[in-house]
Amino acid sequence: MEKILVIGSSGQIGSELVLALRKIYGNDNVFATDIKQPVKEVRDSGPFQMLDVLDYNNLLHFVVRFKITQIYNLAAVLSGNAEKIPLQAWDINMKALMNTLEVSRQSDAKKLFWPSSIAVFGPTTPRHNTPQLTVMEPNTVYGISKLAGERWGEYYVKRYGIDFRSVRYPGLISYKTEPGGGTTDYAVEIFFEAIKNGKYESFLNEDTALPMMFMDDAIQNTIKLMEADESKLSLRSAYNIAGISFTPKELADEIKKQMPGFTISYKPDFRQAIADSWPASIDDSIARNDWGHDEKYDLGKLVDTMLEKVAEKLKG
Ligand code: AKB
């Protein structure tokens, strides 16, 4: 029987991943942990414990005590925040990964998911339909840590037989828990501001295309990758997954179809340079072929769902 540890369970991905995993593996078999309090549904549906992934001894103790077989490590400082505290962000992102890789090596938790990102690419990477294997010269702390992490993950597969799996997430769009400190966060903020105030000031230019994905698609595909037969995985670092590419203007136009009075203005900040160094669209054919990656949400369905769910959430 699988016993699953989710590290970073109070964050944007963790809050939804825990609930999806509990449906499949049973509430008591999915242990949510974080250094922040969880959302109510996570707290009420199964075990939650405060746990700091940077504390190696406590992490190992937890994994051995609860006979953990799989770990999802979602703890990270995102791209925008990392640029404000470069050395700290590097320490946190790398230590969080290295601690889980080492705990996997020292315990029975041999299967490990760790998210990479489109941030592994840089300004010298081809921007459109970016291939899996290409020039990779990230120029952000977050991107450098994600690229280093991919390399370490593959190293632990080959050297120690750890079953490390990863995807390069595009910007993730969700309503349950908002992201914090990322460059793609505008695509979540815009819905909350549209419903609260009928307008939004974007920190990215109107024509900045980036790959994005609705959270349901991200969760379903993450679990699909983790459940795939290991023999099907031709890559042991991180898979490109594409999602849908759009600009702030295209997103605003889609929102205006439902809310004709909605207005958007543009005031780019330091995150514009980060976005400009990332791909506009991604080629994910290897993920599709190897383990059946696919998406259910196009831009229209994503916008309809976000407007409905964010309105419900803000009503209380
Ligand atoms: C960020 O914007 O930093 C993240 C990411 C694309 O990894 N959402």
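The rules we used
Residues numbered from 1 in each chain as written. Predicted model: local features only at pLDDT ≥ 70, side-chain atom pairs only at ≥ 80, totals over all residues. Heavy atoms only, no water. Helix = DSSP H or I, 4+ residues; strand = E, 2+ residues; numbered from the N terminus. Rg over C-alpha atoms; globule rule 2.2 N^0.38 Å. Buried < 20%, exposed > 50% of the residue type's maximum accessible area, 1.4 Å probe, protein only. Contact = heavy atoms within 4.5 Å. Areas by Shrake-Rupley, 256 points an atom, 1.4 Å probe, with all protein chains shown as cover. Lys, Arg positive; Asp, Glu negative; His and termini not counted. Charge placed at Lys NZ, Arg CZ, Asp CG, Glu CD. Pairing = 2+ DSSP bridges. Axes fitted to C-alpha atoms, helices over the stretch in contact; angles between N-to-C directions. Near = heavy atom within 4 Å. Polar contact = N/O pair within 3.5 Å; in protein donor to acceptor, adjacent residues only side chain to side chain. 1 Å grid on protein atoms, 1.4 Å probe; cavity = no way out; pocket = protein on both sides within 12 Å on 5 of 7 lines; lining within 4 Å. Sits in = over half its atoms within 2 Å of the grid points. Nonpolar A, V, L, I, M, F, W, Y, C, P; charged D, E, K, R; others polar. Domains from an automatic or database assignment. Patch = residues over 30% accessible without salt bridge, like charges linked within 9 Å, V, L, I, M, F, W, Y side chains within 5 Å. Salt bridge = Lys/Arg side-chain N within 4 Å of Asp/Glu carboxyl O. Right-handed = clockwise from strand over helix to strand, strands pointing away. Parallel < 35°, antiparallel > 145°, perpendicular 65-115°, else oblique. Left-handed = near helix turned anticlockwise from the far one by under 90°.

1. Observations concerning the overall build of the protein chain
Helix and strand counts for the protein chain come out as 12 helices and 14 strands. For the protein chain, whose C-alpha radius of gyration is 19 Å, the value lies close to the compact-globule estimate of 20 Å for 316 residues. Residues counted as buried form 56% of the 316 residues belonging to the protein chain. Look at the contacts in the protein chain between residues 6 or more apart in sequence, and 79% of them connect residues 24 or more apart. Summed over its atoms, the accessible surface of the protein chain is roughly 13,300 Å², and 50% of this surface lies on carbon and sulfur atoms. Taking the 37 positively charged and 42 negatively charged side chains of the protein chain as two groups, their mean positions are separated by 4 Å.

2. Observations regarding the sheet that holds strand S9 (residues 171-173)
Strand order across the open sheet formed by 3 strands is S9-S11-S13, with mixed pairing between neighbours. Both outer strands of the open sheet, S9 and strand S13 (244-246), are each paired with one neighbouring strand and no more. The average undirected angle you get between the axes of adjacent strands in this sheet is 45°. The sheet contact formed by strand S11 (residues 210-214) and S13 spans 3 bridges and is antiparallel.

3. Notes on the site of the ligand
The local shell around the ligand consists of Leu78, Ser79, Ser117, Ile118, Tyr142, Gly182, Thr183, Thr184 and Trp278. Interatomic distance of 2.6 Å between a side-chain N/O atom of Ser79 and an oxygen atom of the ligand. Here a nitrogen atom of the ligand and a side-chain polar atom of Thr184 are 2.9 Å apart. Isolated, the ligand exposes 250 Å² of accessible area, and the fraction of that covered by the protein chains is 93%. Judged by its atoms lying within 2 Å of the grid points, the ligand is housed in the largest pocket. In terms of residue class, the shell around the ligand is built from 4 nonpolar, 5 polar and no charged. Looking at the shell around the ligand, you find at least three residues from each of domain 1 (4-171 + 214-240) and domain 2 (173-212 + 244-279 + 298-315).

4. Considerations on a nonpolar patch on the surface
There is a patch of nonpolar side chains on the surface, built from Trp152, Tyr155 and Tyr160 and spanning about 280 Å² of accessible area. Looking at the secondary structure, you find Trp152 in helix H6 (residues 141-160).

5. Some points on the sheet that holds strand S7 (residues 163-165)
Pairing in this open sheet of 6 strands is parallel, and the strands run S3-S2-S1-S4-S5-S7 from one edge to the other. Only two strands of the sheet have a single partner each, and these edge strands are strand S3 (48-50) and S7. Averaged over neighbouring strand pairs, the angle between their axes works out to 20° when direction is ignored. Pairing geometry for strand S5 (residues 111-113) and S7, over 3 bridges, is parallel.

6. Let's talk about the pairing of strand S2 (residues 30-34)
For S2, a buried count of 5 out of 5 residues is recorded, marking the element as mostly surrounded by other parts of the structure. The two faces of S2 match: Val30, Ala32 and Asp34 on one face and Phe31 and Thr33 on the other face are all buried. Alignment of strand S1 (residues 4-7) against S2, held across 4 bridges, turns out to be parallel. Bridging from a neighbouring strand, Ile7 pairs with Thr33 of S2. Once you follow S1 into helix H1 (residues 14-25) and on to S2, the crossover reads as right-handed. Alignment of S2 against S3, held across 3 bridges, turns out to be parallel. Opposite Asp34, over in S3, you have Met50 as the bridge partner.

7. Some words on the pattern of salt bridges
Here the structure, examined in full by the defined rule, presents 17 salt bridges. Between Arg165 and Asp163 there is a salt bridge whose closest N-O contact spans 2.9 Å. Arg165 gets classed as buried once you look at its relative accessible area, which sits at 2%. In the salt-bridge network here, residues are joined through shared partners; they are Asp163, Arg165, Glu230 and Arg236.

8. Regarding the side chain of Thr130
With respect to the helices and strands, the residue Thr130 is situated in the loop between strand S6 (116-117) and H6. Non-local contacts of Thr130, meaning those with residues more than four positions away in its chain, are made with Phe121, Thr125, Asn240, Pro279, Ser281, Ile282 and Asp283.

9. Notes on the environment of Lys315
Locating Lys315 in the fold gives a position in helix H12 (residues 299-315). By relative accessible area, which is 78% here, Lys315 ends up exposed. For the pair Lys315 and Asp163, spaced 152 residues apart in the sequence, the C-alpha separation amounts to 43 Å.

10. Focus: the packing of helix H7 (residues 186-197) against helix H9 (residues 248-258)
The N-to-C vectors of H7 and H9 enclose an angle of 30°; their axes lie 11 Å apart at closest approach. Here H9 runs roughly parallel to H7, going by the angle between their axes. Crossing geometry of H7 relative to H9 is assigned as right-handed. Contacts between H7 and H9 involve Tyr186, Ala187, Ile190, Phe191 and Ala194 on the former and, on the latter, Pro248, Leu251 and Ile255. Here the contact of H7 with H9 is built from residues that sort into 8 nonpolar, no polar and no charged.

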